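Observations on chain architecture
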Amino acid sequence: MSENQKKQLEQQLWNIANTLRGKMDADEFRDYILGFIFYKYLSEKMEMYANSILKSDRIHYKDIKEDAANGPEYIEAIREEALDKLGYFLKPSELFSEVAHRGGNGHKAGTNFIIEDLQKILINIQNSTMGTDSEEEFDNLFEDMDLNSTKLGKTPEARNEIIAKVLTHLDKIDFKLEQTELDVLGDAYEYLIGQFASGAGKKAGEFYTPQEVSMVLAKLVTTGKTKLKSVYDPTCGSGSLLLRVAREVEEVNTFYGQELNRTTYNLARMNMILHDVHYRRFDIKQEDTLEHPQHLGMTFEAIVANPPFSAHWSANPLFTSDDRFSQYGKLAPGSKADFAFVQHMIHHLAENGTMAIVLPHGVLFRGGAELHIRRYLIEDRNYLDAVIGLPSNIFYGTSIPTCILVFKKCKEHPEDVLFIDASQHFDKVKTQNVLREEHINKIVDTYRSRSTEDKYSYRATLAEIADNDYNLNIPRYVDTFEVEEQIDLEAVASELKALDKEVLETDNVLEVFCKELNISTPF
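Residues numbered from 1 in each chain as written. Predicted model: local features only at pLDDT ≥ 70, side-chain atom pairs only at ≥ 80, totals over all residues. Heavy atoms only, no water.

Quick reminder of the rule: UniProt positions are given in the numbering used here, feature names are shortened, and annotations may be inferred rather than shown by experiment.
Named according to an unreviewed UniProt entry, the protein is site-specific DNA-methyltransferase (adenine-specific) originating from Imperialibacter roseus. Quoted verbatim from the Sequence similarities (unreviewed entry) heading of the UniProt record, the comment on the protein is "Belongs to the N(4)/N(6)-methyltransferase family." In the Catalytic activity (unreviewed entry) part of its UniProt record, the protein is described as follows: "a 2'-deoxyadenosine in DNA + S-adenosyl-L-methionine = an N(6)-methyl-2'-deoxyadenosine in DNA + S-adenosyl-L-homocysteine + H(+)".

The following block contains the structure:
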């Protein structure tokens, strides 16, 4: 599938979503359309796998009759294999194409009521995993798809009609799942998440990091690596950032994440499975990362995060004895959890690992406990590797300037910290600022080569940072001040004198004309 065809698929899916959602908000319809795409994906995977098992018997899975004499025997055998291999199971009558067909065809005969069937199938998918290794990964995965919600339509008939339409439209699209070397559907899914994010305004920040920012973070933490044992995102949202890291290396062994929001947590698990990440290779938990961390005692080779900016947290004094925070002597303020996330991530960073986190600019210069923590990280631990200033207005729902902090426990360049000011390197698209490929490459190339460039990057020694009292505000290190052209006051004065003389001469001429015409002068 060419790049052009891939874009067509993305556009096709978005058009279905945008046309059929009616007056429903984009972020509300998101859960339905992404859920249905996920159901179609699970269904097609199931059918492909079952057909591969049945190939020698020359039987197609969907042709097996569940009430035929040998039907249950076939289905039970396939169920056992599918649960082990795929982690879930669907009966032939539960396949997406069968339900879409019933909904579409029955419409003409007036017998297409599929909501109840569909609701049961989604529950059956989750129930099929109970008692198996994949139970947690599929637990309540479809809970946000309330098919009886009045948001879909006032009456059951209206709701049924819109659901049947969505399924019929999706059924016509070939996801090309047999082309295993391509991640077409995964890309399209990511595209939809991004599209919904751009339409969701402030709410988008909860589940989506703009792709270009994800790309910068992913490239930073994979510098010098071709394989990763583990990657972790403590505020993983839809999981896009974790998946982006995987694209920068040949292999990631295991993905770890934690997400507070239940809906977004469901989205992350679906996103992983849709990108063909086997359920045994990801471990995503739902809980508050700072208050109830779920990956105790674990360290990770790459850590990325775009946590909520300056979020509130309890800052409970009990945390002063928590291994994540105890060595610093002070906790991040309750009104700004930014450094609490940094401390959490550093605690989980492997000795050979790299972490990159997006934060608001305030973390660079705010005083009090945050200054204390900054100083400890630089003076005592020397973990800070780079500070990168990003353009403002590149995140959905907020226009505040942001930065990326890169930390390593074993720095290749322990003598300095690299500062990059990329705040002026962007393109404006409508009301949003975006990083283009050249902007991303410039940041990453500068980080990797550790090069200095006038008005763009600078390597500050630890002594310089100490002289600035651990204030990391980028203009203190990267001078972007543009000298204004000097004004020649003598020349300006001469010019004014000449103008005065010219005005006087013009007035004299005008006075002569007025006398000749016997009228008053205008001055």
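**Quick notes on the pairing of strand β8 (residues 416-421)**
The following threshold applies: With a 1.4 Å probe rolled over the protein chains alone, any residue whose accessible area is under 20% of its type maximum counts as buried; one over 50% counts as exposed, and the rest are partly exposed. Counting from the N terminus, the helices are DSSP H or I runs at least four residues long and the strands are E runs at least two residues long. At least two bridges found by DSSP between two strands is the condition for calling them paired.
Burial analysis of β8 places six of its six residues in the buried class, which makes it a mostly covered element. Neither face of β8 is left uncovered, since the one carrying Asp416, Leu418 and Ile420 and the one carrying Val417, Phe419 and Asp421 both have all their residues buried. Direction of pairing for strand β6 (residues 384-389) relative to β8: parallel, over a ladder of four bridges. Looking across to β8, one finds that valine 387 is bridged to phenylalanine 419. Two elements, β8 and strand β11 (residues 457-461), share five bridges in a ladder whose sense is antiparallel. From the neighbouring strand, phenylalanine 419 faces β11, where its bridge partner is tyrosine 458.

**As for the packing of aromatic side chains**
Formally: Pairs were defined over the aromatic rings of Phe, Tyr and Trp, the Trp ring being its six-membered one, requiring ring centres within 6.5 Å. Orientation was assigned from the angle between planes: stacked under 30 degrees, edge-to-face over 60, tilted for the rest. Our definition puts a charge over a ring when NZ of Lys or CZ of Arg is within 6 Å of the ring centre and also within 35 degrees of the ring normal.
Within this structure, the stated rule accounts for 12 aromatic pairs. Between phenylalanine 319 and phenylalanine 325 the ring centres are 5.6 Å apart and the planes differ by 75 degrees, which places this aromatic pair in the edge-to-face class. No difference in accessibility class separates phenylalanine 319 from phenylalanine 325, as the two residues are buried. Through pairs of rings, three or more aromatic residues link up here, namely Tyr232, Tyr256 and Phe300. Above the plane of the ring of phenylalanine 175 lies lysine 40, whose end atom (NZ or CZ) is 4.7 Å from the centre. Above the plane of the ring of tyrosine 456 lies lysine 442, whose end atom (NZ or CZ) is 4.3 Å from the centre.

**Observations regarding the layout of surface pockets**
Basically, it comes down to this: Detection works on a 1 Å grid of protein atoms alone, calling trapped sets that fit a 1.4 Å probe cavities and calling open sets with protein on both sides within 12 Å along at least five of seven lines pockets, with lining residues defined by an atom within 4 Å of a point. Grid points are joined across faces, edges and corners, and a volume is the space filled by probe spheres set on the points. For this classification, Asp, Glu, Lys and Arg are treated as charged, while Ala, Val, Leu, Ile, Met, Phe, Trp, Tyr, Cys and Pro are nonpolar and the rest, including Gly, are polar.
Volume-wise, the largest pocket comes out at about 1200 Å³. Forming the walls of the largest pocket are 32 residues, and the residues nearest its centre are Tyr191, Tyr208, Gln211, Glu212 and Tyr396. Among the elements of the structure, α1 (3-20), α8 (184-200), α9 (211-221), α10 (240-247), β10 (432-434) and α14 (437-449) are those that each provide at least two residues to the lining of the largest pocket. Considering every element that reaches the lining of the largest pocket, the biggest residue donor is α8, with six residues. Here the residues of the lining of the largest pocket sort into 10 nonpolar, nine polar and 13 charged.

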